[in-house]
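Structural overview
Residue-level listing of the chains:
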Amino acid sequence: IIMSAVNSNVRFYNEEGELLAFRTLAAIARDAGNFSASAYDPHTIYDPEADRFILIFLSGYSSKNTNMVVGFSQTNDPAGDWNFYKLPGNVHGDNTWSDYPFAGITHDELFIPVLLRTLWPKEGPG
């Protein structure tokens, strides 16, 4: 199965390239919170050891409301159920917030490097 994430949605394809399923980020992670207003910058990675998919995306646009949302597919079928976790996007408790998340894995760890953004004199998209 191929998992493709772009902007605010994910698609799942079989080996022949046929679309199996389409989900918005907000819909696939609905149990972790309401992200319909701002779910963006998805990044996916396949963990061959665990035979599972990992999906990371952002929600929010400022140091006051940004979260990183991290999900792990429960099986090797990413169109199935997931476990999602919401992490604070303002990791330092200051006026910065996380942007452009990526992922790296080892045998037993997940690394999420991000850019730290500051919008001033006012916060918000733009």
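Above: the structure in question.
A short tour of the structure in this document, coming up.

The rules behind these values
Residues numbered from 1 in each chain as written. Predicted model: local features only at pLDDT ≥ 70, side-chain atom pairs only at ≥ 80, totals over all residues. Heavy atoms only, no water. Helix = DSSP H or I, 4+ residues; strand = E, 2+ residues; numbered from the N terminus. Core = buried A, V, L, I, M, F, W, Y, C linked by side-chain atoms within 4.5 Å. Buried < 20%, exposed > 50% of the residue type's maximum accessible area, 1.4 Å probe, protein only. Contact = heavy atoms within 4.5 Å. Patch = residues over 30% accessible without salt bridge, like charges linked within 9 Å, V, L, I, M, F, W, Y side chains within 5 Å. Areas by Shrake-Rupley, 256 points an atom, 1.4 Å probe, with all protein chains shown as cover. Salt bridge = Lys/Arg side-chain N within 4 Å of Asp/Glu carboxyl O. Pairing = 2+ DSSP bridges. Axes fitted to C-alpha atoms, helices over the stretch in contact; angles between N-to-C directions.

1. Looking at the environment of Asp108
For Asp108, the position within the fold is in the loop between strand E9 (104–105) and strand E10 (110–111). For the pair Asp108 and Glu49, spaced 59 residues apart in sequence, the C-alpha to C-alpha distance is 9.5 Å.

2. Here's the deal with the nonpolar core
Core analysis: the biggest nonpolar cluster contains 15 residues, and Met3, Val10, Ile28, Leu55, Phe57, Trp82 and Phe84 have the highest contact counts within it. Only strand E2 (9–13), helix H1 (25–28), strand E5 (52–59) and strand E7 (82–88) provide two or more residues apiece to this core.

3. Looking at the environment of Val91
The residue Val91 is located in the loop between E7 and strand E8 (97–99) in this model. Judged by its relative accessible area of 47%, Val91 falls in the partly exposed class. Here the alpha-carbon distance between Val91 and Asn67, two residues 24 residues apart in the chain, equals 9.5 Å. If sequence neighbours within four positions are ignored, Val91 has contacts with Met68, Ser98 and Leu116.

4. With respect to a nonpolar patch on the surface
A contiguous nonpolar surface patch, about 300 Å² in accessible area, is contributed by Tyr100, Phe102 and Leu115. Within the element layout of this structure, Tyr100 appears in the loop between E8 and E9.

5. Considerations on the sheet that holds strand E3 (residues 19–24)
If you trace the three strands from one edge of the open sheet to the other, you get E1-E2-E3, paired in antiparallel fashion. Looking at which strands have only one partner, the edges of the open sheet turn out to be strand E1 (2–6) and E3. The average angle at which neighbouring strand axes cross in this sheet is 15°, direction not considered. The pairing of E1 with E2 spans five bridges and is classified as antiparallel. From the neighbouring strand, Ser4 faces E2, where its bridge partner is Arg11.

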